[in-house]
Amino acid sequence: TRRTNVTDASAALGEAKVVVLGSGVGADATAEQLQHTGFLHVDRGPIEGPVDADTLVVASPCPEEVDELTSLNHGRLDDGGAWIQLLPYDGRHLVSGPLFLP
């Protein structure tokens, strides 16, 4: 396991870049919560938006955008970037994850 101290962990969060893609119900709240937890560079964008390889993607699609996740996954496989999905609530299940690390 890797061990770190609070100072180093806070510095890493402050340097990390995150983008929340999609127009799902939780997208804005997710971006806001990420900023409250210490991520200083949190952006929002459309689900099909371009993303830098070193940016963590949180995909929060609305039901009509779910099919775009296939394209997002292919792009992340090509650039080696990490991403996580927050699928829309379907009345029975709320899916968060998994975290994909190509």
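Coordinates for the structure precede this section.
Values in this document were obtained by computation on a predicted structure and should not be read as measured data.

Quick notes on the rules
- Residues numbered from 1 in each chain as written.
- Predicted model: local features only at pLDDT ≥ 70, side-chain atom pairs only at ≥ 80, totals over all residues.
- Heavy atoms only, no water.
- Buried < 20%, exposed > 50% of the residue type's maximum accessible area, 1.4 Å probe, protein only.
- Helix = DSSP H or I, 4+ residues; strand = E, 2+ residues; numbered from the N terminus.
- Pairing = 2+ DSSP bridges.
- Right-handed = clockwise from strand over helix to strand, strands pointing away.
- Axes fitted to C-alpha atoms, helices over the stretch in contact; angles between N-to-C directions.
- Contact = heavy atoms within 4.5 Å.

Digging into the pairing of strand S1 (residues 17–21)
Next up, step 1: Taken across its five residues, S1 has four buried, putting it largely inside the fold.
Next up, step 2: Sheet analysis places S1 next to strand S2 (residues 41–45), joined by five bridges and oriented parallel. Along S2, the bridge assignment pairs Lys17 with His41.
Next up, step 3: Once you follow S1 into helix H2 (residues 27–36) and on to S2, the crossover reads as right-handed.
Next up, step 4: Of the pairings in the sheet, the one linking S1 to strand S3 (residues 55–59) comprises five bridges and is parallel in character. By the bridge assignment, Val19 is partnered in S3 with Val57.

Details of the sheet that holds S3
Next up, step 1: Ordered by their spatial adjacency, five strands build an open sheet running S2-S1-S3-S4-S5, and the pairing between neighbours is mixed. The open sheet is flanked by S2 and strand S5 (96–100), the only strands paired with a single partner. Strand-to-strand, the axes of this sheet are offset by a mean angle of 20 degrees, without reference to chain direction.
Next up, step 2: Sheet topology note: the strand S4 (residues 83–86)/S5 ladder contains three bridges and is antiparallel. Within S5, the position partnered with Ile84 by the bridge is Leu99.

Focus on the environment of Ser96
Next up, step 1: Within the element layout of this structure, Ser96 appears in strand S5.
Next up, step 2: Classification of Ser96 by relative accessible area gives exposed; the value is 54%.
Next up, step 3: Sequence separation between Ser96 and Val58 is 38 residues, and the spatial gap between their C-alpha atoms is 9.9 Å.
Next up, step 4: Aside from chain neighbours lying at most four places away, what touches Ser96 is Gln85 and Leu86.

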